[in-house]
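Summary of structural features
These are the residues of each chain, in order.
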Amino acid sequence: MRLLIVEDEKRLALSLAKGLTAEGYAVDVVHDGVDGLHRASEGTYDLVILDIMLPGMNGYRVCSTLRAAGHDVPILMLTAKDGEYDEAEGLDTGADDYLTKPFSYVVLVARVKALLRRRGNAGPSPVHTLGDLTVDTAARRVFRGKDGKDGKDGEGSEVTLTAKEFAVLEQLVLRAGEVVSKGDILEHVWDFAYEGDPNIVEVYISALRRKLGAPLIKTVRGAGYRLEAPR
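Worth saying up front: this structure is predicted, and the values here are computed from it rather than measured.

Observations concerning the overall build of the protein
When its secondary structure is counted, the protein shows eight helices and 12 strands. Across the 231 residues that make up the protein, the buried fraction comes to 42%. A separation threshold of at least 6 residues defines the contact pool for the protein, and within that pool the share at least 24 residues apart is 55%. Taken as a whole, the protein presents about 12100 Å² of accessible surface, with 50% of it coming from carbon and sulfur.

A closer look at the pairing of strand 2 (residues 26-30)
Where a strand is regular, its side chains alternate between the two sheet faces. The buried count for strand 2 comes to five of five residues, which makes it a mostly enclosed element. Neither face of strand 2 is exposed, since Ala26, Asp28 and Val30 on one face and Val27 and Val29 on the opposite face are all buried. Relative to strand 2, strand 1 (residues 2-6) runs parallel, the two being bridged by five bridges. Considered in strand 2, the bridge of Leu4 is made with Asp28. For the crossover from strand 1 across helix 1 (residues 10-22) to strand 2, the handedness is right-handed.

Remarks on the UniProt feature "modified residue: 4-aspartylphosphate" (unreviewed entry) in the protein
Residues given the UniProt feature "modified residue: 4-aspartylphosphate" (unreviewed entry) here are Asp51. With respect to the secondary-structure elements, Asp51 resides in strand 3 (residues 47-51). Setting aside chain neighbours within four positions, we find Asp51 in contact with Val6, Glu7, Asp8, Gly59, Leu78, Thr79 and Lys101.

Focus: helix 3 (residues 59-68)
Listed in full, the buried residues belonging to helix 3 are Gly59, Tyr60, Val62, Cys63 and Leu66. The buried residues of helix 3 all sit within an arc of 165° when viewed along its axis, so they share a single face. If you check the start of helix 3, you find a side-chain oxygen 3.0 Å away from the backbone N of Tyr60, and it comes from Asn58. Phi for Gly70, located one or two positions after helix 3, is positive at around 95°.

As for helix 6 (residues 163-174)
Between its terminal C-alpha atoms helix 6 stretches 16 Å, which fits the 16 Å expected from 12 residues at 1.5 Å a residue. Counting buried positions along helix 6 gives nine out of 12 residues, so the element sits mostly inside the fold.

Some thoughts on the packing of helix 6 against helix 8 (residues 200-212)
Where helix 6 contacts helix 8, the two axes come as close as 10 Å, and the packing angle between them is 90°. Compared by their axis directions, helix 6 and helix 8 come out roughly perpendicular. Facing Lys164, Glu165, Val168, Leu169 and Leu172 of helix 6, the residues of helix 8 in contact are Tyr204, Ile205, Ala207, Leu208, Lys211 and Leu212. A breakdown of the residues in the contact of helix 6 with helix 8 according to their chemical character gives eight nonpolar, no polar and three charged.

A look at the side chain of Gln171
By secondary structure assignment, the location of Gln171 is in helix 6. Contacts of Gln171, omitting those with residues within four sequence positions, involve Val180, His188 and Val189.

Side note on the nonpolar core
Core analysis: the biggest nonpolar cluster contains 25 residues, and Val142, Leu169, Leu172, Ile185, Leu212 and Ile217 have the highest contact counts within it. Mapped onto this core, the elements with two or more residues apiece are strand 7 (133-136), helix 6, helix 7 (182-189), helix 8 and strand 12 (224-227). At six residues, helix 6 tops the list of elements feeding residues into this core. Aside from chain neighbours lying at most four places away, what touches Ile185 is Val168, Leu172, Val180, Trp190, Val201 and Tyr225. Listed in part, the 20 residues of the second largest apolar core include Val30, Met57, Leu66 and Ala95.

Parameters at a glance
Residues numbered from 1 in each chain as written. Predicted model: local features only at pLDDT ≥ 70, side-chain atom pairs only at ≥ 80, totals over all residues. Heavy atoms only, no water. Helix = DSSP H or I, 4+ residues; strand = E, 2+ residues; numbered from the N terminus. Buried < 20%, exposed > 50% of the residue type's maximum accessible area, 1.4 Å probe, protein only. Contact = heavy atoms within 4.5 Å. Areas by Shrake-Rupley, 256 points an atom, 1.4 Å probe, with all protein chains shown as cover. Pairing = 2+ DSSP bridges. Right-handed = clockwise from strand over helix to strand, strands pointing away. UniProt positions renumbered as here; feature names shortened; annotations may be inferred. Arc of directions from axis to C-beta. Polar contact = N/O pair within 3.5 Å; in protein donor to acceptor, adjacent residues only side chain to side chain. Expected span 1.5 Å × (residues − 1). Axes fitted to C-alpha atoms, helices over the stretch in contact; angles between N-to-C directions. Parallel < 35°, antiparallel > 145°, perpendicular 65-115°, else oblique. Nonpolar A, V, L, I, M, F, W, Y, C, P; charged D, E, K, R; others polar. Core = buried A, V, L, I, M, F, W, Y, C linked by side-chain atoms within 4.5 Å.

This is how it looks when you write it as structure tokens:
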């Protein structure tokens, strides 16, 4: 899951980003409303954490502009204000939830997870099947083969992946049949703060190929990788 934090208090924004990254999310951070609106409008985020008091454009305007343009990304509003009218205004502009500063980090994570679950239940099926490969992006489980270990018809044999391996596979599954560039994978899996070797993607692709068996992941030289249904 990819999250966008729009918060002008830099220490708070980076602290939230660090914590949410540790929870397994890819997180981007911007510090003003104009940049936040531009990023959120790209449509690549699963949830936006949006402060109300922002330079350039306040959170109310960012939220209402996104909704007017047809973007349905879940929005969790943050504010130092406290009062039912502020909450009502935030929800009236299209926010999905509201949290008043100072807040508990545990509560924020719980709200984020609840909004993402709600979005998942309203969206397309989280189970993707390509040939004998089954990937459940909600349960974060992967199966190969048509028969279970007991020989009966079932989901197949489960393939155990690390969190990062699954995140890389998920990007390929969601765009199965298309070429996904190394840059796209880095951006969605390692987030804005990654400054390491971009060849780390190749390491995880190799690990996936070993664990999944058949050559499902094709290298498109100079362009990226493509997940093809096994035959």
